[in-house]
Number of protein chains: 2
Amino acid sequence: MDAFWLDADEMAAWLRLIAITELLPGVLDSQLRRDAGLSHYEYVVLAMLSEAPERTLQMTSLAQRTSATLPRLSHVVRRLEERGLVERFPCPKDARATNSRLTAAGWGAVVAAAPGHVANVRKNVIGGLTPEQVRQLAELGDALLARLDPQGRMTALYRPAD
Amino acid sequence: MDAFWLDADEMAAWLRLIAITELLPGVLDSQLRRDAGLSHYEYVVLAMLSEAPERTLQMTSLAQRTSATLPRLSHVVRRLEERGLVERFPCPKDARATNSRLTAAGWGAVVAAAPGHVANVRKNVIGGLTPEQVRQLAELGDALLARLDPQGRMTALYRPAD
DNA sequence: TGCCAATAGTTGACGCGACAACCGTCCCCG
DNA sequence: CGGGGACGGTTGTCGCGTCAACTATTGGCA
């Protein structure tokens, strides 16, 4: 189950991928935290709700769309609810389930945060790539996610058209 | 400072990149934690030391090579020292500095962990890509890191030949 | 109908990383 | 050669994410 190492090209790609996953979260978090008082993950949660019908999603669905475990989401939503950005209520269709809905304040927070966030993404990530590289990244990403997320837990997020 | 959103290609690439940075750490951590009792970051620290002359590096240098802040590294090295995998001693050249050296047990831990880790990387990451995509990832990675790490803090890690 | 496994979600404890405050050493400029 | 700013590192606190345990509801199958 081993027998061989990574060759030079593979190692180069691998080391860069590691470095990116170490550095990217910090870049996203610090801008959003500073300018909008939100962590990147909190922003993603609000953004997903903002695009959903009724601005409402079931916890499990929201967790899948944000690549998070249910406990993580539960903690985050509780904090967002305490800040008045989100509200929870029992799902009428299934008494086990909980729905989360974006409040007006939550909508306002997303709208306020989005431009700076997009500018940051463009400045620090997408802006450094050629259009051809952007296309390559999307295809690469699909191939990687097929392995990283074989259950397709995140399909809703990264392949909304399926 | 905004005025425009991401277009469809950019959004596709961006969403995939986000998903990868959320999922990859868990995949790496859980395999190493289970099979070797190490977090991925601890493994990287040991691996960097194992490749250094005398298996020894100064804290600051080790922090740069592992994309970490100094406080983070300090905590991690203390734990590794308590487990006997690493030892710290004052740098003879500079009384302010501390050197970390891999112990025999630490070397053994890296050697024991490496095959499973490499297999995991191949199985879950590199193995899903074509050789052409591996090359693209390396180039893409350079372009992204030029923005994410403009100071070249990690240069030593991802471009060892410079 | 009644039972039991599976599903949906919450909670509490624990560990790790970020941040800020701090100490000791070095170096350079006056 | 002496004082101050910069450098190198450690420590403590706090917040967040994971894991495990738990409750409640559902749905299928006898």
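Above this text sits the structure in question.
Report on the accompanying structure. (Residues numbered from 1 in each chain as written. Chains lettered and ligands numbered in written order. Predicted model: local features only at pLDDT ≥ 70, side-chain atom pairs only at ≥ 80, totals over all residues. Heavy atoms only, no water.)

**Comments concerning the protein's contact with DNA strand C**
Put simply, the rule reads: Being near a molecule or strand, for a residue, means having at least one of its heavy atoms within 4 Å of it. We define a polar contact as two N or O atoms separated by no more than 3.5 Å, with the added condition that, inside protein, one atom must be a possible hydrogen donor and the other a possible acceptor, whereas residues neighbouring each other in sequence contribute only through side-chain atom pairs. Think of it this way: any DSSP run of H or I at least four residues long counts as a helix, any run of E at least two long counts as a strand, and we number them from the N terminus. Each residue gets one of three labels, nonpolar for Ala, Val, Leu, Ile, Met, Phe, Trp, Tyr, Cys and Pro, charged for Asp, Glu, Lys and Arg, and polar for the others, Gly among them.
In the vicinity of DNA strand C there are 20 residues, among which Thr60, Ser74, Arg88 and Thr98 of chain A together with Arg96 of chain B approach most closely. The separation between a phosphate oxygen of DNA strand C and a polar side-chain atom of Arg88 of chain A is 2.7 Å. Between Ala95 of chain B and DNA strand C, the recorded distance is 3.1 Å, taken from a backbone N or O atom to a phosphate oxygen. Counting only elements with at least two residues in the surface near DNA strand C, the list comes to helix 3 (59-65) and helix 4 (70-82) of chain A together with helix 4 (70-82) of chain B. The leading source of residues in the surface near DNA strand C is helix 4 of chain B, at five residues. Across the surface near DNA strand C, the residue classes tally to seven nonpolar, seven polar and six charged.

**Side note on the protein's contact with DNA strand D**
Near DNA strand D there are 20 residues, and of these Arg72 and Arg96 of chain A together with Thr60, His75 and Arg88 of chain B occur at the shortest range. By atom count, sugar and phosphate contribute 74% of the portion of DNA strand D lying within 4 Å of the protein. Within the contact set of DNA strand D, a base oxygen lies 3.0 Å away from a side-chain nitrogen or oxygen of His75 of chain B. Within the residue set of the surface near DNA strand D, elements represented by two or more residues are helix 4 of chain A together with helix 3 (59-65) and helix 4 of chain B. The element contributing the most residues to the surface near DNA strand D is helix 4 of chain A, with five residues. Within the surface near DNA strand D, the residues separate by chemical class into seven nonpolar, seven polar and six charged.

**Overview of the sheet that holds strand 1 (residues 56-58) of chain B**
All names here are of chain B. Selection rule: In this description, strands pair whenever DSSP reports at least two bridges between them. To get an axis, a line is fitted to the C-alpha atoms, and for a helix only the part in contact is used. The angle between two axes follows their N-to-C directions and goes from 0 to 180 degrees.
Reading across from one edge, 1-3-2 is the order of the three strands in this open sheet, with antiparallel pairing throughout. Each having just a single partner strand, strand 1 and strand 2 (86-90) make up the two edges of the open sheet. Sheet twist, expressed as the average angle between the axes of neighbouring strands with direction ignored, equals 25°. For strand 2 and strand 3 (residues 98-102), the ladder comprises five bridges, and the chain directions are antiparallel. Paired with Glu87 across the two strands is Arg101, which belongs to strand 3.

**So, the side chain of Gln133 of chain A**
Here is the rule: Working definition: with a 1.4 Å probe on protein chains only, accessible area under 20% of the residue-type maximum means buried, over 50% means exposed, and in between means partly exposed. Contacts are assigned to residue pairs that have any heavy atoms within 4.5 Å of one another.
Note that Gln133 of chain A resides in helix 6 (residues 131-148). Given a relative accessible area of 13%, Gln133 of chain A falls into the buried group. The residues touching Gln133 of chain A, leaving out its near neighbours within four places in the chain, are Gly128 of chain A together with Glu139, Leu140 and Ala143 of chain B.

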